[in-house]
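Architecture and fold: a report
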Amino acid sequence: MKKILITGGAGFIGSHVVRLFVEKYPDYEIINLDKLTYAGNLLNLTDIEQSANYRFIKGDITDTRFIRELFQVENPDAVIHLAAESHVDRSISNPMEFVMTNVIGTVSLLNAAKECWQGNYDRHRFYHVSTDEVYGALGETGMFTENTAYDPHSPYSASKASSDHFVRAYHDTYGLDVVISNCSNNYGSHHFPEKLIPLAINNIKNNKPVPVYGKGENVRDWLWVEDHARAIDTIFHQAKAGDTYNIGGHNEWKNIDLIHLLCRIMDEKLGRTAGESAALITYVTDRAGHDLRYAIDSSKLQNDLDWVPSLQFEEGLKKTVNWYLENQEWLENVTSGHYQDYYKQQYEYNEQ
Ligand code: NAD
Ligand code: DAU
């Protein structure tokens, strides 16, 4: 496979996937299709944007006519689909945006792929990147496997579950070569500071309250984002058509324990006295419908395709903190909104 259309490549995980593919496969042509919503940031890709095998196209996956034309013009060999509205809290205040992008946008891409590839599916692949949140919430024990029944609770997870169903339906009905992976919480560099870890790092740095929802007892299974990108590479190249893989870190943390660990790391990095950062922890009203616990059983991926997470959590968290402290300009561009000017400076001609 040579020409790969990656959607959502200017976002957090997408930018890591784009970087990995651009650097690892110089003979591939990587097209990054992204609408550049508030979450899309081309500053995430400045290190590879001049690469000969990379191109950026600004576009909206819900614009069905544009997407059909794009497929006719570009005729990509494969799609790796990451574009989405990704933040649970935003889905609670604006569910329709999530239906549009995550459901309609995905079906728009599936339709265009089906039409463009016209049954020649053995040479083409549609890889859909999804989430463990489709499985709902766990109690104190147990893990999500690929056979766990879907039971989404938030508008975000309901929209992702719906998109997963559509992807499978295009395999079962039309024979499209599809692959799906459902991953746990990612962390690492270039993470938008609305999500727990980058938000906490930014607030601790600026001596602002660190909001912990409810009692902080919800559990998430954290995975280094570059390990997720590596898993996507492996699954994309090796999975059988129609297959699904769970991806996770075997790394469960109660939110409050994670925040205390982060506070200790921040005290150390910022030369503060022990406990200074933890004093910023503020318990706030819980998220509506807050899922108690997620935990991924990724043994299928480990056994079938030999993938395991590479980084121990405390080491990954330290690397993440270092990245944010060393990239204050990135953070300031994001929090001030200036990052959105970068597209206009670099890609003005695209707008004409
Ligand atoms: P993100 O919010 O950081 O990035 C999403 C990207 O999609 C942005 O660049 C945005 O501009 C783009 N986009 C949004 N709407 C678009 C549209 N209509 N047309 C074209 N582009 C559009 O998200 P992320 O955290 O990088 O997540 C990427 C994917 O991985 C999502 O599908 C998400 O559901 C899934 N996922 C995320 C996590 C996680 O922990 N962040 C875990 C598992 C799965
Ligand atoms: O599990 C995979 C999912 O992980 C992805 O599909 C989503 O796209 C991604 O956003 C993430 O969802 P979460 O809701 O788990 O991530 P978030 O960082 O928003 O929250 C992590 C936990 O921390 C969750 O239990 C809610 C809590 N939280 C979050 C924020 C933003 C707080 O306590 N305080 C906060 O300020």
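Within each chain, residues carry numbers counting from 1 in the order of the written sequence. Key to labels: chains lettered from A, ligands numbered from 1, both in the order written. Given that this is a predicted model, residues contribute local features only at a pLDDT of at least 70 and side-chain atom pairs are listed and counted only at 80 or more, while totals for whole chains, interfaces and linings are drawn from all residues. Note that water and hydrogens are dropped before the side-chain values are worked out from all heavy atoms of the structure.

Remarks on the UniProt feature "domain: NAD(P)-binding" (unreviewed entry) in the chain
The following threshold applies: UniProt positions are given in the numbering used here, feature names are shortened, and annotations may be inferred rather than shown by experiment. Secondary structure elements are taken from DSSP: a helix is a run of H or I of four residues or more, a strand is a run of E of two residues or more, and numbering for both begins at the N terminus.
Following the UniProt record, one finds the feature "domain: NAD(P)-binding" (unreviewed entry) at residues 5-320. In residues 5-320, helix accounts for 41% and strand for 17%; the two terminal C-alpha atoms are 28 Å from one another.

Notes on the site of ligand 2
Convention followed: Any residue with a heavy atom positioned within 4 Å of a molecule or strand is treated as near that molecule or strand. Two N or O atoms form a polar contact when they lie within 3.5 Å of each other; inside protein one atom must be a possible hydrogen donor and the other a possible acceptor, and for residues adjacent in sequence the pair counts only when both atoms belong to side chains. Per-residue accessibility takes into account occlusion by the displayed protein chains alone, with areas from the Shrake-Rupley method and a 1.4 Å probe. Amino acid classes used here: Ala, Val, Leu, Ile, Met, Phe, Trp, Tyr, Cys and Pro are nonpolar; Asp, Glu, Lys and Arg are charged; the rest, including Gly, are polar.
Around ligand 2 there are 23 residues in total, and Thr131, Asp132, Tyr156, Arg287 and His290 lie nearest to it. The contact in question runs from an oxygen atom of ligand 2 to an N or O atom on the side chain of Arg287, over 2.6 Å. Against a free-state accessible area of 680 Å², the protein chains account for coverage of 93% of ligand 2. Of all the elements in the fold, those that place two or more residues in the shell around ligand 2 are helix 6 (196-205) and strand 8 (210-213). Considering each element in turn, the shell around ligand 2 owes the most residues, 3 residues, to strand 8. By residue class, the composition of the shell around ligand 2 is 9 nonpolar, 8 polar and 6 charged.

What about the site of ligand 1?
Within the structure, ligand 1 sits among 28 residues, and Ile13, Asp34, Ser86, Tyr156 and Lys160 are positioned closest to it. Here Phe12 contributes a backbone N or O atom positioned 3.0 Å from an oxygen atom of ligand 1. Computed on the free molecule, ligand 1 has an accessible area of 830 Å², of which 96% lies beneath the protein chains in the complex. Per-element accounting of the shell around ligand 1 gives the leading share, 3 residues, to strand 5 (residues 125-131). Residue classes in the shell around ligand 1 are distributed as 12 nonpolar, 12 polar and 4 charged.

So, the packing of aromatic side chains
How we decide: Each Phe, Tyr or Trp ring, with Trp reduced to its six-membered ring, pairs with another whose centre is within 6.5 Å; inter-plane angles below 30 degrees give stacked pairs, above 60 give edge-to-face pairs, and intermediate values give tilted ones. Note on geometry: a ring has a charge over it if NZ (lysine) or CZ (arginine) is within 6 Å of the ring centre and within 35 degrees of the ring normal.
Within the structure shown, the criterion is met by 19 aromatic pairs. A connected cluster of aromatic rings, assembled from ring pairs, spans Phe21, Tyr25, Tyr28, Tyr127 and Phe236. Note that Lys114 overlies the ring of Tyr174, its terminal NZ or CZ placed 4.5 Å from the centroid. Above the face of the Tyr245 ring, Lys300 is positioned so that its terminal group lies 4.5 Å from the ring centre.

Looking at the environment of Phe126
With respect to the secondary-structure elements, Phe126 resides in strand 5. Along the primary structure Phe126 and Thr145 are separated by 19 residues, whereas in three dimensions their C-alpha atoms are 22 Å apart.

Re a nonpolar patch on the surface
Condition: Exposure above 30% relative accessible area and no salt bridge define the residues that can form patches, which grow by joining like charges within 9 Å and nonpolar side chains of Val, Leu, Ile, Met, Phe, Trp and Tyr within 5 Å. A side-chain nitrogen of Lys or Arg and a carboxyl oxygen of Asp or Glu constitute a salt bridge if their distance falls within 4 Å.
The grouping of Met96, Val99, Met100 and Ile104 at the surface amounts to a nonpolar patch, some 340 Å² of accessible area in total. Mapped onto the elements, Met100 comes out in helix 4 (residues 95-117).

Quick notes on the pattern of salt bridges
To be explicit about the condition: Buried means the residue's accessible area, taken with a 1.4 Å probe over protein chains only, is under 20% of the maximum for its type, while exposed means over 50%, and partly exposed covers the values in between.
Under the definition given, this model contains 16 salt bridges. We note a salt bridge from Arg90 to Glu194, for which the minimum N-O separation is 2.6 Å. Separated by 104 residues along the polypeptide, Arg90 in helix 3 (residues 88-93) and Glu194 in the loop between strand 7 (185-187) and helix 6 bring together distant segments of the chain. Under the relative-accessibility criterion, Arg90 is labelled partly exposed at 33%. In this structure, Asp243 engages Lys300 in a salt bridge whose closest nitrogen and oxygen atoms are separated by 2.7 Å. Of the two residues, Asp243 is situated in the loop between helix 7 (225-238) and strand 10 (244-247) and Lys300 in helix 9 (residues 299-305); the sequence distance between them amounts to 57 residues. Exposure remark for Asp243: the relative accessible area of 15% places this residue in the buried category. Taken together, the shared-partner salt bridges connect Lys3, Glu29, Arg55 and Glu74 into one network.

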